[in-house]
Amino acid sequence: MPENTLTITDNRTNKSYTVPVENGTIRAMDLRQIKTGPDDFGLMTYDPAYLNTASCKSSITYIDGDKGILRYRGYPIEVLAERCTFLEVAYLLMFGELPTEKELNSWIYDITHHTMLHETTKKFMEGFRYSAHPMSMFVSTIAALSSVYPDAKLVRSPKDRMHQIVRLIGKVPSIAAMSYRHNVGFPYVYPDNDLSYTENFMNMLWKMVEPKYVAHPAISRALDILFILHADHEQNCSTSAMRSVGSSETDPYLAVASAASALAGPLHGGANEEVLRMLEEIGTKDNVPAYIKRVKDGHFKLMGFGHRIYKNYDPRAKIIRWCAEQVFEVTGRSPKLDVALELERIALEDEYFIKRKLYPNVDFYSGIMYQAMGFRPEMFTVLFAIPRTAGWLAQWEELMKDPEQKIARPRQVYLGPGEREFVPIDKRVPVPIPAEYPSH
Ligand code: SDX
């Protein structure tokens, strides 16, 4: 019997089946041969929220959740955060290798010369209420770019895909900054091509009447490291949305908008904004034990804690804690850090969290740091979406080149009624609307 196989005995029929094991998986389609009779559809797997289902083969990001390991294209995240810039890492994610100096300079030139937005896009953004959430503006404006670049629909053309990829990586900081400036009622600031990717983002956010914006080096470096840490994370919820929506061959602007929509959720990228609200609600270290008790009583989750994959400390959270200290040396230490550290200390000693292997994740410390840099909580998830756009696009490019991939269309387990006779309206019996729905 070949060793890389699995033999399954169906006790309903006493038949045995041998299926190949590849990369630690069996193909779900190999289960369809397991039937109880000729009319049987065959076995499927049932895996709500895909707890144990690989949707694709990928060479981009590797995570070992038990050991707290994260690598982009084989390079440990700690090394990349220390030695690279964000655009250098975006190149690595996209093309699989770290760029030479010539390649990097050409990549930077291309991205830098795609930071402008059509004036019509500015007018589009001016239509939002001043109080519109920046993430809503970000998602909508990215989707609107689909109407600006009709060539984006040529998704089977590598040249056209790469053109959109460069446009999107270049434009997301501009859209993010314009969302912020719209919220605070300040005029938009045009990109400054003399500045680095991150410095230019800060320029478009914070330049006022000075002739030339000068970014604080410690702040721009900390932000660039945060961009590296948030760039990709294998098949998380938003990347899965990117792949699923992209599999219909829609254009990348609409696919990125769908991925950003998933990221906005408080269980995903929206958690960093919720962490800050949680720390503000707790207020002081003395209130931490009572708050932890409410979490353990199931009233709500401890935001910024826990992870589907990491059952150890999220390696990104450790680096963010270090980054925060660098920022606080410039901005002054945030009192919320003491509350966060106390929350972490108590949680990591508590059986409830130990048993469930709940540790701080990427969102636990990032919000405190963003606030110290001058960002409002509403901007935090937008700050996550900027670098993650490079990851979503790298995963999309991999999808488009994968001969095994086709339009995503999962099956279901149907538990509804069998065929029924039609009931004319005068013969129907009233069905009480469940109490949780508003009565008309
Ligand atoms: C990101 O996937 C990615 O890689 C995402 C991300 C990326 O880079 O793309 O890493 C970014 O999204 C980080 C996660 C940010 N979200 C939060 O911080 C929100 C709070 N965390 C939880 O909602 C939760 O931990 C999730 C959503 C992150 C993971 O949820 P799972 O894997 O579905 O785990 P679960 O809900 O099944 O929890 C298992 C148990 C449950 O208790 P029991 O029912 O077994 O008693 O752990 C408990 C949960 O109630 N639990 C928590 C908790 N997280 C899980 N209890 C209290 N506080 C928490 N934060």
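Small disclaimer: the values here were computed from a predicted structure and weren't measured.

Trainee: Residues and numbers for the site of the ligand, please.
Mentor: In the vicinity of the ligand, 23 residues are found, and the nearest of them are H233, L302, H307, R308 and R316. Between the ligand and the protein, one listed contact pairs an oxygen atom with a side-chain N or O atom of H268 at 2.9 Å. Measuring from an oxygen atom of the ligand, one finds a side-chain N or O atom of N361 at 2.9 Å. Summarising the interface, the protein chains cover 74% of the accessible area of the ligand, which totals 1,100 Å² for the free molecule. Across the shell around the ligand, the residue classes break down as ten nonpolar, seven polar and six charged. There are two domains that each give the shell around the ligand at least three residues, and those are domain 2 (65-268 + 388-401) and domain 3 (271-372).

Trainee: Could you give an account of the domain arrangement of the protein, with specific residues and numbers?
Mentor: Partitioning the protein into structural domains gives domain 1 (5-45), domain 2 (65-268 + 388-401) and domain 3 (271-372). One C-alpha centre belongs to domain 2, the other to domain 3, and the line joining them spans 26 Å. In this complex, domain 2 contributes 24 residues to the contact, which on the side of domain 3 involves 24 residues. Taking both sides of the interface into account, the surface hidden between domain 2 and domain 3 amounts to around 1,900 Å²; carbon and sulfur atoms contribute 69%. Across the contact surface, domain 2 and domain 3 share eight residue pairs in polar contact (both at pLDDT 80 or more). Where the side of domain 2 that touches domain 3 is concerned, the elements lending two or more residues are β4 (69-72), α1 (77-83) and α8 (217-229). Tallying contributions element by element places α8 first for the side of domain 2 that touches domain 3, with seven residues.

Trainee: Can you tell me about the packing of aromatic side chains, naming the residues and giving the values?
Mentor: Across all of its chains, the model carries 19 aromatic pairs by this definition. On the numbers, 5.4 Å between centres and 80° between planes, the contact of F95 with W107 is edge-to-face. One end of the pair, F95, is in helix α2 (residues 86-95); the other, W107, is in helix α3 (residues 101-112), with twelve residues separating them in the sequence. Classification of F95 as partly exposed rests on a relative accessible area of 40%. Its relative accessible area of 4% is what places W107 among the buried residues.

Trainee: Pulling in residues and values, what's your account of helix α11 (residues 271-282)?
Mentor: Counted at 1.5 Å a residue, the expected span for α11 with its twelve residues is 16 Å, and the 16 Å between its end C-alpha atoms agrees. Taken residue by residue, α11 has A271, N272, E273, V275, L276, M278, L279 and I282 as its buried positions. Next to the buried residues of α11 lie α12 (288-296), α14 (335-349), α16 (362-373) and α17 (380-400). Backbone geometry just after α11 places G283 at a positive phi near 85°.

Trainee: Describe the state of the cysteines, listing the residues and the values that go with them.
Mentor: Under the defined criterion, the tally for this structure stands at zero disulfides. C237 supplies the cysteine sulfur nearest to C56, a cysteine that is in no disulfide, at a spacing of 14 Å. C56 sits in the buried class, given a relative accessible area of 18%. C323 carries a free sulfur, and the closest cysteine sulfur to it, the one in C84, is 14 Å from it.

Trainee: Give me the lowdown on the nonpolar core, citing residues and values where you can.
Mentor: Y72, F138, I169, F201, M278, M373 and F375 are the most contacted members of the largest nonpolar core, which has 120 residues in total. A per-element tally of this core places α17 first, with 13 residues. Aside from chain neighbours lying at most four places away, what touches F201 is P173, A176, A177, L223, F227, F375, L383 and I386.

Each value, and the rule that gives it
Residues numbered from 1 in each chain as written. Predicted model: local features only at pLDDT ≥ 70, side-chain atom pairs only at ≥ 80, totals over all residues. Heavy atoms only, no water. Near = heavy atom within 4 Å. Polar contact = N/O pair within 3.5 Å; in protein donor to acceptor, adjacent residues only side chain to side chain. Areas by Shrake-Rupley, 256 points an atom, 1.4 Å probe, with all protein chains shown as cover. Nonpolar A, V, L, I, M, F, W, Y, C, P; charged D, E, K, R; others polar. Domains from an automatic or database assignment. Contact = heavy atoms within 4.5 Å. Buried area = accessible area lost by both parts, 1.4 Å probe. Helix = DSSP H or I, 4+ residues; strand = E, 2+ residues; numbered from the N terminus. Phe/Tyr/Trp six-rings, centres within 6.5 Å; stacked < 30°, edge-to-face > 60°. Buried < 20%, exposed > 50% of the residue type's maximum accessible area, 1.4 Å probe, protein only. Expected span 1.5 Å × (residues − 1). Disulfide = S-S within 2.5 Å. Core = buried A, V, L, I, M, F, W, Y, C linked by side-chain atoms within 4.5 Å.

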